[in-house]
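Descriptive analysis of the structure
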Amino acid sequence: MPMSQVHIVYMGEKENEDPTVTKMFHYKMLSDLLGSKEAAKRSMLYSYKHGFSGFAARLTDSQAKEIEAFPGVVQVIPNQVHKFHTTRSWDFMGLNDHSTTNLLTKSNMGEGIIIGVIDSGVWPESESFNDRGMNPIPPHWKGICQEGQLFNSSNCNKKLIGARWFVKGILDQSQTPINISNGEDILSARDSSGHGTHTASIAAGNFVVNANYEGLAAGLARGGAPRAHLAVYKVCWSFGHGGCTDADLLKAFDKAIQDGVDILSVSIGISIPLFSYADQRNSIAIGSFHATAKGITVACSAGNDGPTAMTVENTAPWIITVAATTIDRAFPTAITLGNNLTLWGQSVDTRMHNHGFTGITFSDRIALNDSDDSALGCKRGSLNATLAAGQIILCFSQSSTQNIFSAAISVAEAGGVGLIFAQYRSDGLESCHYIPCIKVDYEVGTQILSYIRKARSPIAKLGIPKTIIGKWVSPKVADFSGRGPSSFSPTVLKPDIAAPGVDIIAAYIPFGAEKSSGFALLSGTSMSCPHIAGITALIKSVHKNWSPAAIRSALVTTASQKGTDGSNIAEEGSTRKVADPFDMGGGVVNPNRAIDPGLIYDIETNDYVKFLCGTGFSSNSVSGLTQTKANCTKNRLNELNLNLPSITIPYLKRKVTVSRKVTNVGPVESMYKAVVEAPQGVKMKVEPQILRFNKTTQIVPFKVTFFTTGKVYGDYRFGRLIWRDPKHTVTIPISMRAIFV
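Residues numbered from 1 in each chain as written. Predicted model: local features only at pLDDT ≥ 70, side-chain atom pairs only at ≥ 80, totals over all residues. Heavy atoms only, no water.

Note on the protein: under the UniProt heading Sequence similarities (unreviewed entry), the record states "Belongs to the peptidase S8 family." (UniProt positions renumbered as here; feature names shortened; annotations may be inferred.)

So this is what it looks like as C-alpha cells:
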C-alpha cells in the first residue's frame, strides 16, 4: 500500500468569507478525491480558513498529484520541518522605565497591543507573565486559552491572554507518538524547551525584581512592551528529531490572524537554499504575507549561520528581518596561574568552584590515543581519565563549530574539575552545568599553554564570574548572525535591522534538581527578533494607524551606525571589519528616534503584488499567494522600485534610475534636503534634491540615478541617502555591485 504523508493543499484566495463554508468546501474536495466523507475526515489535519484558504491532509504521492489538478488548487507540497533561531538590553537601547521622555513612557509601555509569539509555547507560571498593573483584555481579541496536558484556562490572565498548540504536522512527520511520561514534550501550549518562554518574555514580559542568572546580570527584568498582552502559539516540539512543520506553522498564522494579534514574533527559519515566496515550503513567507495584508507587523529572525555571506533567512520583503548584536555587558572571569599571572576569560558558571589552586594540564598531553588530535578539542572519549582526574583541562577548539558544552561533558566524564576552552572568537556564553568552564580566545589560551609547558607542576585557580556593564565597545554584530545579500531576492536588502541578541537574560523553564531562578542567558537572532517585536508594540501604541511597512521604515531610517564610543559599529566575523548593510541592514535599532522618523517609506499590499509580478512570478502564483486576482502581464513593478527604506542594486550596468516616495509624518509644513554618500566607484544624482511638504502635499516621489565610474567592479560597495530637516535625519542604506557590460 502506498505510503501517505502530510501534504499542504494551498488554495490562496478565500472564495467565501464564512470560514464554515470554506471548511465544508475543503472536506468536499477531499471527499471527492478519497471517495467518502469518512476517509476525508481521517485524512485531514487542518483546514486553513481565516487568513487564506487551504488544508493539510495525509495523502499518497499519487493522490497529491491528482488533487493538484482540481480547480482552485494553487500548489500541493509535502510537509517540511523548520528550526529555531536560537534586562540590560532595554536600558542599553535607551528605554529606561524611569525616564519621562523616551518611547517606553510615551507609548504607555505598549498598553492595549497584542503580541503573538509563534514558538515552542510558554511557561505560564514565570513571573514575567504575571498580570500586575495590566489593563483588561482588549476588545479586539477573539482568541482562546486552549487547554491540554498541564495547562488549563486558569493559566491565562490579563498578560498571557491566549495560548494555542498545533501538533498534527510534527506528529505525522515523526511517525511516533510523544512519550509524555518521560517528559519528552508536553501536549499543550506549555513550553518544554524554554525557547518560547524566553522569546515571549523579551517581547512583552512584565516587571520582575531581582531577576538574575545564577547571581549574574542581576536587576529588574522586563520585556520591551511590559504592558502589552501576549498570545502564544506552540508549533515547535522537542520529541523525536524536534522542529516546527509547515502545516503547524500555517495553522498558527491562520489562527493568529483570526484571533486579532497586532504583531507577530517568529524566531524560526528555513535553511539555505531558500524557497520561493509563493512556495508552500516557505510557510513563514506565506503566513506572514497574509498577516501583513491584515495590518499585522511580522518580525522574524535572520538566522544563525553567519558570518558567511548569503546566509540570511526570512528574506520576504514584507517581513522585518532582524540581525543580532552584542550589548555593553560582559562576564569577565579571572584565571590565576601558579606564576601569579592573571589572565581573563568569560564564563557564566558561578557554582562548583573549589576556589583554590588546582593542577592544570593541556588536553593533548593526556590524550587516550596519540595517533589522532581529537583530544586537542576535548572530544568525548578522547581523554585519559587517570591523567585527567582532579585537573583543570585546557582545550583548543579546532573550528568555530566546536562546542564548549560538549567539551565540558568530555572533561567531566574523564574526572576533570574545570575547563578552559580556547576558541575562535565567537559570541554568546552558555553554562556547562557539570564543571566550571571559562571561554578564552586563542591568544589567552596560548599564554596559558606556554605556562603549562614551562612549569614543573603547573597549577591554576579559576575565579568567579563578575557582571561588568559599560566597559566594552558595543554594540557589535554577532558572529553567528545571518548575513546578506539575500540569496533568493538580491534586490531586497536583508537583514532590515539589528537588535541585541547576545547573552540576553529572560524568562526560562525551571530545570535541574534545585530548579532555576526562572531566568536564563541565551544568544541568537531568536533573541533579537522579539526585541524588535516589543519595540514595534511601543510604536504601534502611539501610531495606531501605521502600516507594517511604515513601522519597518521608521526603524530602519532612524537606526544607528555608531557604537557607544562614537566609532563605526563593527562585526564580529572572520574579518572583524566595519559592519555594512548586509550585516545589520539600516543599523542598530534606536527606539526613541523611531517614534518620530519625520518621513516614512510606505508600501501597500498591492505594491508587493506588483513586485512579485516584476520578479517573474506567474499571475496564478501571485494570485494564490496574495488573495488577489493578479494580472502580471499588465501590473508589474520593476523590482528595484519597491518602496523599501533601502536601495540594493546587484547588477549595475553603467546607469540605473530607481524610484522611491516618502510620506511626511512630521510637521505639516516641512522641507527636507538630500545628502548623498555614494558607494565607492559610483556617482549618485537625486531629483529633486529638496522635498517640500504642506497640507495638500504629504507624499512626494523622487528618483535616484546611479552611474558607474568604470573603476570598481565585482564586489558590493555601500553608501547612504539621507534626507534632512532641522529636526530629522532620515537615512536609507545603499548596496551596489557594478558589473562589466
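1. Comments concerning the overall build of the protein
The number of helices and strands found in the protein is 18 helices and 39 strands. When the accessible area of the protein is evaluated, it comes to approximately 28,300 Å², of which 51% is carbon and sulfur surface. (Helix = DSSP H or I, 4+ residues; strand = E, 2+ residues; numbered from the N terminus. Areas by Shrake-Rupley, 256 points an atom, 1.4 Å probe, with all protein chains shown as cover.)

2. Looking at unusual backbone geometry
In this structure, the amide linkage connecting Gly484 to the following residue, Pro485, adopts the cis form with an omega of 0°. Looking at the element boundaries, Pro485 is found in the loop between β26 (476–477) and β27 (497–500). Cis geometry is adopted by the peptide bond preceding Pro495, which originates at Lys494 and carries an omega value of -5°. By the element assignment, Pro495 lies in the loop between β26 and β27. A positive phi is found at Cys378, a non-glycine position, where the angle reads about 60°. Assignment of secondary structure puts Cys378 in the loop between β20 (358–362) and α10 (385–388). On the basis of relative accessible area, Cys378 is assigned to the buried category, the value being 1%. (Buried < 20%, exposed > 50% of the residue type's maximum accessible area, 1.4 Å probe, protein only.)

3. Some words on the environment of Gln63
Here Gln63 shows up in helix α3 (residues 61–68). By relative accessible area, which is 23% here, Gln63 ends up partly exposed. What Gln63 contacts, discounting residues up to four positions off in sequence, is Leu33, Leu34 and Arg58. (Contact = heavy atoms within 4.5 Å.)

4. Some details on the state of the cysteines
Overall, the coordinates contain 4 disulfides when judged by the stated rule. Covalently, Cys145 is tied to Cys156 through a disulfide, its sulfur atoms 2.0 Å apart. As the torsion about the S-S bond is roughly 80°, the Cys145-Cys156 disulfide counts as right-handed. Here Cys145 is found in the loop between β6 (114–119) and β7 (160–165), whereas its partner Cys156 is found in the loop between β6 and β7, with 11 residues between them in sequence. Of the two residues, Cys145 and Cys156, both sit in the buried class. Of the cysteine sulfurs around Cys300, a residue in no disulfide, the closest is that of Cys529, at 5.9 Å. (Disulfide = S-S within 2.5 Å.)

5. A look at the nonpolar core
Ile118, Tyr233, Val235, Val261, Leu264, Ile268 and Trp318 are the most contacted members of the largest nonpolar core, which totals 57 residues. Take this core: its biggest share by element is 7 residues, from helix α8 (residues 246–259). Both domains that meet at this core, namely domain 1 (5–78) and domain 2 (89–177 + 192–328 + 475–595), each give it at least three residues. One finds Phe151, Cys156, Val167 and Ala228 within the second-largest nonpolar core, a separate group that totals 27 residues. (Core = buried A, V, L, I, M, F, W, Y, C linked by side-chain atoms within 4.5 Å. Domains from an automatic or database assignment.)

6. Concerning the sheet that holds strand β32 (residues 647–652)
Pairing in this open sheet of 5 strands is mixed, and the strands run β32-β39-β38-β34-β36 from one edge to the other. The sheet is open, and its two borders are formed by β32 and β36 (690–693), each paired with just one other strand. The mean angle between the axes of side-by-side strands here comes to 20°, regardless of whether they run parallel or antiparallel. When β32 meets strand β39 (residues 729–738), the two strands line up parallel, connected through 4 bridges. In the sheet register, Thr648 faces β39, and the bridge partner there is Ser735. (Pairing = 2+ DSSP bridges. Axes fitted to C-alpha atoms, helices over the stretch in contact; angles between N-to-C directions.)

7. Some points on a negative patch on the surface
A cluster of acidic side chains, namely Asp364, Asp370, Asp372 and Asp373, defines a negative patch on the protein surface. Mapped onto the secondary structure, Asp372 falls in the loop between β20 and α10. (Patch = residues over 30% accessible without salt bridge, like charges linked within 9 Å, V, L, I, M, F, W, Y side chains within 5 Å. Salt bridge = Lys/Arg side-chain N within 4 Å of Asp/Glu carboxyl O. Lys, Arg positive; Asp, Glu negative; His and termini not counted. Charge placed at Lys NZ, Arg CZ, Asp CG, Glu CD.)

8. Overview of the sheet that holds strand β1 (residues 4–12)
Strand pairing in a sheet relies on backbone hydrogen bonds. The paired strands run either parallel or antiparallel. Within the open sheet, the 4 strands sit side by side as β2-β3-β1-β4. Their pairing is antiparallel. Whereas interior strands pair on both sides, the edge strands pair on one side only; in this sheet they are β2 (44–48) and β4 (75–78). Neighbour-to-neighbour, the strand axes of the sheet open up by a mean angle of 25°, direction not taken into account. With 8 bridges joining them, β1 and strand β3 (residues 53–60) adopt antiparallel strand pairing. The residue bridging Gly12 from the neighbouring strand is Ser53, located in β3. In the packing of α3 onto the sheet, contacts are made with β1, β3 and β4, and the angle to β3 comes to roughly 145°.

9. Notes on the pattern of salt bridges
A complete count under the given rule lists 18 salt bridges for this structure. With a closest N to O distance of 3.1 Å, Lys234 and Asp185 form a salt bridge. Here Lys234 is found in strand β10 (residues 229–234), whereas its partner Asp185 is found in the loop between α6 (168–174) and α7 (195–204), with 49 residues between them in sequence. Taking relative accessible area as the criterion, Lys234 reaches 0% and is therefore assigned buried. A relative accessible area of 1% places Asp185 in the buried class. We note a salt bridge from Lys494 to Asp496, for which the minimum N-O separation is 2.7 Å. A relative accessible area of 7% means that Asp496 is categorised as buried.

10. Observations regarding the packing of helix α1 (residues 19–34) against α3
Contact pair α1 / α3: the axes reach a minimum separation of 11 Å and the direction vectors enclose 125°. Considered as vectors, α1 and α3 are oriented oblique to each other. For α1 against α3, the interelement crossing comes out right-handed. Residues Met29, Leu30, Leu33 and Leu34 of α1 touch α3, and the partners they reach there are Gln63, Glu66 and Ile67. (Parallel < 35°, antiparallel > 145°, perpendicular 65-115°, else oblique. Left-handed = near helix turned anticlockwise from the far one by under 90°.)

11. Some thoughts on the pairing of strand β38 (residues 716–724)
As paired elements, strand β34 (residues 670–677) and β38 share 5 bridges and run antiparallel to each other. Residue pairing in the sheet places Val676 in a bridge with Leu721 of β38. Where β38 and β39 come together, 9 bridges link them in antiparallel fashion. In the sheet register, Trp723 faces β39, and the bridge partner there is Val730.

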